[in-house]
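Results of the structural survey
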Amino acid sequence: KLFDQNVLSVSAPVTGNYTTYGYVLIHLPISEIANSQSHILDILYMTCAIIFGLSLIILVVFTITVYLPLRKIAAGANEYAAGNLNYRIKVKTHDEMGYLSNTLNYMSDELNKMEEYQRNFIANVSHDFRSPLTSIKGYLEAILDGTIPPEKQERYLRIVLEESQRLSRLAEGIVDMSRAQDSKIVLEETDFDLNEIIRENCAVLEPQMEEKGMRIEVSFAAKETMVHADQDKISRVLHNLMNNAVKFSKEGGVIEVETTFSGKNKILVSVKDHGSGISEEDQKYIFDRFYKVDSTRNKDKTGAGLGLSIVREFIQAHGETVAVKSKLGEGSTFLFTLKLAK
Ligand code: ADP
């Protein structure tokens, strides 16, 4: 026995010129091979363990950052679908998941607002219909059962007539609004003299102002101010603003209508009154459809809360802006801009 342990032998002949000179023999103990083999296996096992560990970490991270937030978001979406719009998705991370949940929360807020708007809308419309109907019914009953003597009937029948006219105005207003909602407002823009339109509107309001002993002061930026806009719509805007100014002024009050050049090619129109004024809280909503300030709701019987929403829609259709400056008890100023003609 040449070796005292098992060896792996490899032999190779050394040849040349068709003769064999000798052999090269290499022996490696088997134990050595087994040693290095177990070393290689160790490395393999280690690698596997590291890969497994990393996968586990990735899985945990994925679960925390993606799976759990997604489950919360899905739960939120289900709540919204079931009609619970007050539900808040509580994912506060600063990544896509947080962004998605913020967006969904925002969506539910907006839907909530829409729902509230619709509830208010229906409440306002039914209130506006109910009060004239109640007084019509009351007067007619009183006439029929003789509570109102025949000689006074004419006066009360006139009130009934006024109330029914108010009802039809209200119905017309609603039809107008829904039409404006269905189809976009189409502008027929031309060049015209704004001063002329303001003068016309002053004339229209004269009887109303005379009745309240009121005065109007007009101040034009120039003798003639040519603007580029839809004449009928701007006339309606002016009428609504000036009509409100008269309506919400005290007896003997003054209204000021003023135009001033603003910037390069704009004109600023202001309609100012010294009447009841509007609180800051109400200023946020007066341009909304059917919105009437609570204190005017019962006193003012002619309006339906549509005048200013029409003003805003018409001015915005021109790509211009309308704003209000007002202080309760001191009066209000409504301002809007128009493009000057080229
Ligand atoms: P309405 O047709 O009922 O007048 P508007 O949309 O024109 O409705 O106005 C909405 C509400 O804004 C009014 O009910 C009133 O309370 C308030 N308002 C509008 N203009 C004035 C003003 N010049 N002074 C005080 N309050 C005003």
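What this report covers is the structure whose coordinates are included nearby. Quick caveat: nothing in here was measured; it's all calculated off a predicted structure.

1. Quick word on the pattern of salt bridges
On inspection of all chains with the given rule, the structure shows 13 salt bridges. Residue R119 is joined to E115 by a salt bridge in which the shortest nitrogen-to-oxygen separation is 3.6 Å. With R119 and E115 both in helix α2 (residues 96-144) and four residues apart, this pair spans about one turn of that helix. Residues K137 and E141 are paired through a salt bridge, measuring 3.9 Å at the closest nitrogen-oxygen approach. Of this pair, K137 and E141 both sit in helix α2, separated by four residues, roughly a single helical turn. Under the relative-accessibility criterion, E141 is labelled partly exposed at 44%. What emerges from the salt-bridge pattern is a single network uniting K266, E320 and K339.

2. Quick notes on the side chain of T333
With respect to the helices and strands, T333 occurs in strand β9 (residues 331-339). Ignoring sequence-local partners within four residues, the contact set of T333 consists of S270, V271, K272, A323, V324 and K325.

3. Focus on the packing of helix α4 (residues 194-211) against helix α5 (residues 231-247)
Two elements in contact, α4 and α5, have axes whose closest approach is 10 Å; the angle formed by their N-to-C orientations is 40°. Crossing angle aside, the handedness with which α4 passes α5 is right-handed. On α5, the residues touching L194, I197, I198, N201, C202, V204, L205, Q208 and M209 of α4 are Q231, I234, S235, L238, H239, M242, N243 and V246.

The rules behind each value
- Residues numbered from 1 in each chain as written.
- Predicted model: local features only at pLDDT ≥ 70, side-chain atom pairs only at ≥ 80, totals over all residues.
- Heavy atoms only, no water.
- Salt bridge = Lys/Arg side-chain N within 4 Å of Asp/Glu carboxyl O.
- Helix = DSSP H or I, 4+ residues; strand = E, 2+ residues; numbered from the N terminus.
- Buried < 20%, exposed > 50% of the residue type's maximum accessible area, 1.4 Å probe, protein only.
- Contact = heavy atoms within 4.5 Å.
- Axes fitted to C-alpha atoms, helices over the stretch in contact; angles between N-to-C directions.
- Left-handed = near helix turned anticlockwise from the far one by under 90°.

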